[in-house]
Amino acid sequence: SSGSITVLATLSATPVLTVKGIDTIDPCSPLELTGVLIGASRNTVYQWNCLNDDTLDSYLQLVSGNTLFIEAGTPQMTTLDKRYVIQVIATDFLGKSSDPVLITIFKSSKAVPALAFSPPSASSYVDQSVFIKGEAMFSPCATEQVDLIFDWSQTAGPAVPASYLRTGLPQIVFPKNVLQAGATYVFRLRATMSNDLSLSVRSSFTLKMLHRPLLAIIDGGSSKTNSRYLPLVLSGANSRDLDLGTSVPQGLTYTWTCSYLNGAISTACRNETTGSPLTFPSTATVTMPIRTFLSQDQPYTMRLTVSKAGRSPVFFEMPVYIVEEIIPSISFVVADGGTQQGSSLRLNSDQRLVLQANSDLPGTVYDWSLSPYVNLTEPGIAPFGVISSTFILQGTDSTFVTGASYVLTVLGSVGSGTGIATLQIEINSPPLGGTFTACRYVAGSSACLKTGAPFDDYRLEAASWSDPDLPLLYEFGYTFEGPNGTVTSWSAGGADTVKFYGGIPTGSMTMMARVCDGLMAKTDIIYDELTIVDTATSGRRLLQAGAAMMAARSKMLTALQTFRPDSVNQLAGAMAVESTKLNPENARAMKGELLANMNTGSARAAKTQAFACEAFGTAALLTALDAAALDRNAVLNSAGLVDSLFSQVSTSPLSLACASQTSATLGATLKAQAAYAKANGVPLLDPAQTNSFTNTLEARMFEVMKQAGWNAIAGEPSRTIQDEGNTFMVTRNTAQSMSGFSLSQPVPSMFSSFTGAAFTIPDSLAADLFGNQTDYNPELDVQGQVSGYAPYVEGFTLRSPLVGLSIAVAQDPQPLQVTNLSKPVDIIIPVDVAGLTLRERMVFSQQVNCVWWSNGNYTSEGCTVTAVSLIGVRCSCTHLTMFAINHDSSIAACGDGKLDPGEECDDGDIFDLNGCSAECKVEAGYFCNTNKEPNECSIPGQGEGQNNVGSPSANGVYAQMSMTGYSSLNEFLSEQKDFRSSLVSSIGNANVSNSDVIVIKACFGASCRTYFTFARRMLAGDPLIEDESQREDGDSGSARKLMATEMLVDFQVNVPAGTSESSLIAAMTASDFLTRFATAMTQSTGKTVTAMYTQEPLAASQSDRTWTRPTYEDNEGYDFPDTEEEQLFENADEATAGLTPTVIALVLGLAAFAFILACCIFYVWPHLQKRREAKYKQTQVAPAGGKKVHPPHKSVPVLAQRPRASDAWDGAENDDDAPATVETSVVEPFGDSIDEANISPVRSDGVRELILPATQSVSPESAQQTPAQRPPGRFGHARARLQELQSQLDQILGTLPKRDLSDISEPTSGDGSAGRRLPAGGSSSEMVLRSLSPHSRSPGRPVLQPLPSPGGVPRQMSHDPLSFRNDPLLGAGVGGDGRGLAVRRVRRNSGPGHSPPAAGGKKEGTVVRRAPVLKDDLPDGASPERPAASGAAQIPVFGVEEQVAASGSGETAMPATTPREPDTSGPTWTS
């Protein structure tokens, strides 16, 4: 007796009947048996009889349906401890009856458990694994429920190893090739109550192992073509007995024959030369010499017959075409995918097929095609393309038609000869003809109820499905719209009927089923509907939820005690959804309890891949509902679940969907840990738990991704999974192709990052791992990992995710130990500095080190930092493991405001030209007070700190002056005393002294020093003072950009006692004032100085400015570069990745707004300006002397768009000559007039020349300097500046010929000579300023011509290995849009890196350059002028002092300026 179905398969059309049920009952149990007639779906009549009990037989004769149900106690079965023999016969609607099926039911007098198998019996093949599952249920009698004890025995069939039976579980698993084909096995399972060993029940399971047909195959496909003048080689070596493993001798006999059609008659082949019939050896491979066959249009049919004693022979026929041409002989081998049947390959529509083509001639070029036509160029269908010896075909449900035939053809060409081979492909059809119903289960009822309450029992059945490829596998699940989106849950595949023991949550549930045949061809998902109703009113919902949870807990305990882990998973999923009705504390405890139960259930389950995927589908659902609600218990049990189910690598591929669910479960626990640490300031797990969790994350996810990439092909695209907490990637490559291999990997969304992680493998890897075995080139699996939360360890402050890399030989279960590499691996690790203060960001690069996880701790041994920015750190390490970036704030740093050993000064910043340099050295001419921290530095005799005595008062005269003759900002700063004294002497007022002259701001090119900033209140009708809220840098009023050869100084002369503002203005606006001032400066400094106002003197009392010194607290004092949207590394994420419809709509809206704004700027505003100028010209008055004074030229609007960084570098002599960023184009006024007589006609090359008077000359010393002698940034910035002025200059030269030009620079001519024409004596007689005509420039963008070096010799870029043009990683300093990003080189002491400091100690550190603070680091909605919204982190960004590019230090230049807003309302100027 088996209590299981008995399958009687015959060759006739007799219907096959199966009966399901239990074979042992007790005095309290009901009896339920169900019959299913395979292939019949309607009007089936069942005949039930009892062969050894008349009372029961009388009752059974009344039953005609497929279900026999006798209520609890089975009163019709009157005798206890008796075996009742029940017979069932089914008759379909055609009148055909099944063979009788006998079931023996034992009614025990004791309260014993019930035991059944699902399915009750099975048949299988030796090349398939076999899973047998018994299900136990407690007796309904009033007995104590305790854990059951299970044991297996074998009662029939060849003996199997006892280890497979000693599981202690109600399930057993037999791997492939363990059981014998043709044998029938009977296994008996006994279930015993652990508190009373006399209460036990037994049930048997019958397993039939079927024979598979022999496989005959000729390598090369379905047909091939061969030259008459080349040998024909045919191989049947891949023919097999599928009942044996590949490593076992097959014992096959091979018989070859040849025939061709002579008309309609099949004729045996004859030798072309002798005319005798062809004979072949009985070997797996035959070779026919040249000229064996005549060439003809009809093919020769080669047949291979494979036979074996006791087995039916099979054959394979291949048409062979013989041609006269010399062509390569082409064949191919199926490396993966499909099932060979005869001369065809059966393939599922979504199955991957891998083929390897071969040729007998070297240099063969292959070309693959498919007929009927399939577009193999569509993404993903043919990942290797069609011109490759390896061909991968990855279809989808829409690529192929199920049941259709396709011919795959490969052409192999060498020279003019082309060989051909084909393969016949049959697309497998999924099972057909069945139904699917989902009903609430009521014992003894045949009605299908579609409504129920939470945690009721439900029955899902897929009946009457048929397919020639057995056995069939059934999958069930449900989907519904949850609070966070669509929720989907699937159960592991198994029998055609499944009970959900309270495993469906509240809601409108869409129940799902899917049927797979023996070749894994799947049906479309079939749906049915259920409505699960929570009947409690809103006021009693919480109470009802609590009561329902108690009932669910009881079912959960029963499922655990009876070892039904699938029921545990079902209940856990439903209870997780229902737990949202509980209060937060109870819901959190419930999730921990459910994961603990799932962990226990997994220990009571056979470790199959199907069960693991089912469990992690439930775990992902449970943890995703609210990751922050996971407590310590839930986190640890999630890790335990992964550790339990993936402790060994399977030998079969794992779906990416299953791998994603596993990663998502762990990712949610990482998110929970991060949220807890942020909220409480302490880690969720203790050190031992942290170590265990992290090791599980590393080891088990390695095994998961190993299975996910099990059948990968070398060179295939990587397989990636990503969720909120993790990203994992696996790719396969050969060892030799790993030289210089780079792997880029995105960062999970829970970690805020502007870039991804990246790895670069050294070219020495293969030699380090395998020695100098040049002929050894194994395939390697490379796995990358990024986890959004790096484990907490006391003493370490992690600013990065956990980034890991491992390498393993393909299909090897363990990773290689990659240590002590001769060349390091480069690793780019993103960092998040959003929580750092401004000063902490400035010294960040000096205090970071690369650390790696080592048995519960971090260490930096073997790793060094090679590059740092505020978005990422590059490390070089001599081994592979999991890495992170540690921020050790105890390391002494230049710029931290504390004077440390090795520092001459520390003023609390990282900028030059303020007395204390970026290397914490006292700058020339300065004295630093080291008794105060931060140190204060000043020039002796010039007052404290800022070189001014006092500050701008409310009663004074403000002006801005441009001077030539200086070569750097530092040069002017050291001569401020001369500037003050020259001003005082030129004013000629005895009451004015040097202390009354206050320098507000000084700029040379892009380098500035700001002493004071101002806040303002708007004065109605004030036309001279612009709205400071529209300015980014606190500029003191300049409405024009400074050329790199000018010194621009904002200053104020305070009105002393006995003097008035008007008298000072009169003195400073006198016609000879600037001449006298320039002469005094020339005499005082020894250099030729010229001066002109760019802001006429203005009474301070008429303005609303209140001057203040810039401070850190005010977020003022320095300008950081604008690096918005710029990236450091070339592997940075694409800005468009993951666009949602909402984002796309927003972008389109912004684009429309930008278009309208551009129209206003380029059309409406210029039109209004022209009208205004025309009206203004009519009011001009010529002064005395007859020379017409033109009004200042108003600004021509220029598109406020940053020129490309690549353009800005084109004029640079080396990396340090050019600014790292280019200022935003602004509206610039030109104040002086140009005499039309000095403008030459347009030349043939489209260039006009402007001849300026010699009085506007520069010093001979400066004119004779070579570009290499000039200060850094001089040409690069000037060249970029000239391009921004091109369009304005064209309009000035073309439409306003009577204007002068105030900007005087050093453009070069097209032949490489200097723009100035200098006589032999060195004095300048005239200057040439060139302008490209509008026709010589590309429309729509600035034109930047290369800047040749003197003599026409091309300039060479720097060969600095860390310059952005040469370094392969820092080369991404040019972003995707061409913009540059500054990169600081890190200079460190020798040694592997920093180690944690001693307690209370502060490490000595070396002086280094830092990367700039990035505006990308601002919180959403924040800007240097406007703080972030409430609740966002306030991140200080300086906005006043501009940085100076370092010279002579060998370092990459930092960005030198902050873009300014257009000035459309500034004051007017006169020359």
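Computed from a predicted structure; not experimentally measured. Within any chain, residue numbers begin from 1 and follow the written order of that chain's sequence. Reporting in this predicted model follows two pLDDT cut-offs: at least 70 for local features of residues, and 80 or more for side-chain atom pairs to be given and counted; totals over whole chains, interfaces and linings ignore these cut-offs and use all residues. Think of the side-chain values as coming from all heavy atoms in the structure, minus any hydrogens and water.

**Looking at the sheet that holds strand 4 (residues 45–50)**
Then, number 1: Ordered by their spatial adjacency, 4 strands build an open sheet running 2-7-6-4, and the pairing between neighbours is mixed. Looking at the sheet topology across the chains shown, the edges are occupied by strand 2 (24–25) and strand 4.
Then, number 2: Judged from the 7 bridges that link them, strand 6 (residues 82–91) and strand 7 (residues 101–107) form a sheet pairing that is antiparallel. Bridging across to strand 7, Val88 finds its partner in Val101. Strands were regarded as paired on the criterion that DSSP finds at least two bridges between them. Under the DSSP-based scheme used, a helix requires at least four consecutive residues in state H or I and a strand at least two consecutive residues in state E, with every element numbered from the N terminus.

**Considerations on the state of the cysteines**
Two cysteines, two sulfur atoms, one covalent bond between them: this is a disulfide.
Then, number 1: The definition used for a disulfide is geometric: two cysteine sulfur atoms within 2.5 Å. Inspection of every chain in the model, using the stated rule, returns 10 disulfides.
Then, number 2: Sulfur-sulfur distance for the disulfide between Cys28 and Cys141 comes to 1.9 Å. For the disulfide bridge between Cys28 and Cys141, the dihedral angle about the S-S bond is near 110°, and by the sign convention the bridge is right-handed. Of this pair, Cys28 sits in the loop between strand 2 and strand 3 (31–38) while Cys141 sits in the loop between strand 10 (130–137) and strand 11 (148–156), and the two are 113 residues apart along the sequence.
Then, number 3: Any residue under 20% of the maximum accessible area for its type is buried, any over 50% is exposed, and the rest in between are partly exposed; the area is computed with a 1.4 Å probe on protein chains only. When its relative accessible area of 28% is taken as the criterion, Cys28 is described as partly exposed.
Then, number 4: The side chain of Cys613 participates in a disulfide bridge whose partner is Cys658; the two sulfur atoms lie 2.1 Å from each other. In this structure the cystine formed by Cys613 and Cys658 twists about its S-S bond by roughly -105°; its chirality is therefore left-handed. Here Cys613, found in helix 5 (residues 609–624), pairs with Cys658, found in helix 7 (residues 656–680); they are 45 residues apart in sequence, far enough to count as distant. With respect to burial, Cys613 and Cys658 carry one shared label: buried.

**Description of the pattern of salt bridges**
Then, number 1: Take a side-chain nitrogen of Lys or Arg and a carboxyl oxygen of Asp or Glu: if they are within 4 Å of each other, that pair is a salt bridge. For the structure on display, the rule yields 31 salt bridges.
Then, number 2: One salt bridge in this structure joins Arg1076 and Asp1072, with 3.2 Å as the shortest N-O distance.
Then, number 3: Judged by relative accessible area, which is 32%, Arg1076 ranks as partly exposed.
Then, number 4: Asp1072 sits in the partly exposed class, given a relative accessible area of 37%.
Then, number 5: One continuous salt-bridge network, built from bridges that share partners, spans Asp241, Asp243, Lys308 and Arg311.

**Re the pairing of strand 37 (residues 526–532)**
Then, number 1: Across 2 bridges, the pairing between strand 31 (residues 451–452) and strand 37 is parallel. Bridged to Thr451 within strand 37 is Thr531.
Then, number 2: With 7 bridges connecting them, strand 36 (residues 507–516) and strand 37 associate as antiparallel partners. Within strand 37, the position partnered with Met511 by the bridge is Asp528.

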